[in-house]
Amino acid sequence: MLKHEEHIKEILKTVISILNRQKRRVIMFDIGAYIGDYTVYLAPLCYIVIAIEAHPGNFNKLLTRVSHLNNVVLLNYAVSKFDGEVELFVREPTTHSIVYRKRARNVIKVKSVNLSSLITSILRRVRAEALVVKMDIEGAELKVFEGLRSSTMIYPTIIVVEVHGIKNKLILPILSYLKGFKVKFVDRGHIILIKGGGLNV
């Protein structure tokens, strides 16, 4: 966890605490979980955490790190526009992306999942009353939003997105896919999307 992201962790803690006070059962999706900093910190506040990490090496570290938590489900996937398989461009041990090919030292194929498909699948098995999504996926945010259906978000939902580069200005037009979400810019690298739940972040 980078020091400059500590405030994002605290924002998520605040939001989940508000939802808990409202007696809402919170499911959190940690997309781009890396080795689990957010998951380990926030899992005690959530009913269940779905931690998703694409890189096999990082996923193994994540598996070890959260082994003591009984409310975490781990998925070794990349979240993208579609279900299937994508190329993962690895630049450094801690930096990889499904969209940034430049300076990639290695390319590996990984399974991919559409976020709407994933949420729908989880909600068939687990009853939720609020969704919290943390998204840190190194430039693939647009792909995820393009494949995300607003109809999936039937509960109060907060999405915290780390955005990369000038292209992410296109996120605002893509919000047309997410009817009813309010947008808050936290800093130059993060935005929050809020829908329902009486949340005022």
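Just above, that's the structure.
Remember, it's a predicted structure, so these values are computed and weren't measured experimentally.

About the criteria used
- Residues numbered from 1 in each chain as written.
- Predicted model: local features only at pLDDT ≥ 70, side-chain atom pairs only at ≥ 80, totals over all residues.
- Heavy atoms only, no water.
- Helix = DSSP H or I, 4+ residues; strand = E, 2+ residues; numbered from the N terminus.
- Buried < 20%, exposed > 50% of the residue type's maximum accessible area, 1.4 Å probe, protein only.
- Contact = heavy atoms within 4.5 Å.
- Areas by Shrake-Rupley, 256 points an atom, 1.4 Å probe, with all protein chains shown as cover.
- Salt bridge = Lys/Arg side-chain N within 4 Å of Asp/Glu carboxyl O.
- Pairing = 2+ DSSP bridges.
- Phe/Tyr/Trp six-rings, centres within 6.5 Å; stacked < 30°, edge-to-face > 60°.
- Lys NZ or Arg CZ within 6 Å of the ring centre and 35° of its normal.
- Axes fitted to C-alpha atoms, helices over the stretch in contact; angles between N-to-C directions.
- Core = buried A, V, L, I, M, F, W, Y, C linked by side-chain atoms within 4.5 Å.
- Arc of directions from axis to C-beta.

Regarding the overall build of the chain
For the chain, the count of helices and strands is six helices and 11 strands. Among the 201 residues that make up the chain, the fraction classed as buried is 53%. Expressed as a percentage of contacts within the chain between residues at least 6 apart in sequence, the contacts between residues at least 24 apart total 65%. Surface accessibility of the chain: about 9900 Å² in total, with carbon and sulfur atoms responsible for 54%.

Focus on the pattern of salt bridges
Considering all chains together, one arrives at four salt bridges under this definition. The partner of Glu 6 in a salt bridge is Lys 9, with the nearest N and O atoms 3.5 Å apart. Here Glu 6 pairs with Lys 9, and both are found in helix α1 (residues 6-21), just three residues apart, close to one helical turn. For Arg 127, the salt bridge goes to Glu 129, with nearest N and O atoms at 2.7 Å.

Concerning the pairing of strand β11 (residues 190-195)
With five of six residues buried, β11 lies mostly within the body of the structure. When strand β9 (residues 157-162) meets β11, the two strands line up antiparallel, connected through six bridges. Each residue of the ladder has a partner; that of Thr 157, found in β11, is Lys 195. Of the pairings in the sheet, the one linking strand β10 (residues 182-187) to β11 comprises five bridges and is antiparallel in character. Bridging across to β11, Asp 187 finds its partner in His 190. Where β10 folds back onto β11 in an antiparallel hairpin, the turn is made up of two residues.

Observations regarding the packing of aromatic side chains
Tallied over the entire structure, the rule returns zero aromatic pairs. Lying over the aromatic face of Tyr 41, Lys 9 brings its terminal NZ or CZ to 4.4 Å of the ring centre. The positively charged end of Arg 25 is found above the aromatic ring belonging to Tyr 47, 4.0 Å away from the centroid.

Some details on the sheet that holds strand β3 (residues 72-75)
Strand order in the open sheet made by the seven strands is β3-β2-β1-β8-β9-β11-β10, with mixed pairing throughout. Two strands bound the open sheet, and with one partner strand each, they are β3 and β10. When the angles between neighbouring strand axes are averaged without regard to direction, this sheet yields 15°. For strand β2 (residues 48-52) and β3, the ladder comprises four bridges, and the chain directions are parallel. Each residue of the ladder has a partner; that of Val 49, found in β3, is Val 72. This element, helix α4 (residues 115-125), spans β1 (26-31), β2, β3 and β8 (130-135) of the sheet and lies at about 145° to β1.

Let's talk about the nonpolar core
By size, the foremost hydrophobic cluster in this structure holds 36 residues, and its most contacted members are Ile 27, Phe 29, Ile 31, Leu 115, Met 135 and Ile 159. With four residues, the top contributor of residues to this core is α4. The next biggest cluster of nonpolar side chains, apart from the first, holds 27 residues, and it includes Ala 33, Ala 43, Ala 51 and Leu 62.

Some details on the environment of His 96
Among the structural elements, His 96 can be located in strand β6 (residues 95-97). Remark: the alpha-carbon pair of His 96 and Ala 54, spanning 42 residues in sequence, is separated by 8.8 Å. Look past the residues within four positions of His 96 in its chain and what remains in contact with it is Glu 53, His 55, Asn 58, Leu 88, Phe 89, Val 90 and Glu 138.

Overview of helix α3 (residues 56-65)
Here α3 has its buried residues at Asn 58, Phe 59 and Leu 62. The arc enclosing the buried residues of α3, seen along the axis, measures out at 100°, which places them on a common side. More than 90 degrees from the buried face of α3, the exposed residues found are Lys 61 and Thr 64. In this fold, the buried residues of α3 make contact with β2, β3 and β6.

Re the environment of Lys 9
The class of Lys 9 is buried, set by a relative accessible area of 11%. On a C-alpha basis, the gap between Lys 9 and Thr 39 in space is 10.0 Å, while along the polypeptide they are 30 residues apart.

Function-wise, these values are silent; they only describe arrangement.
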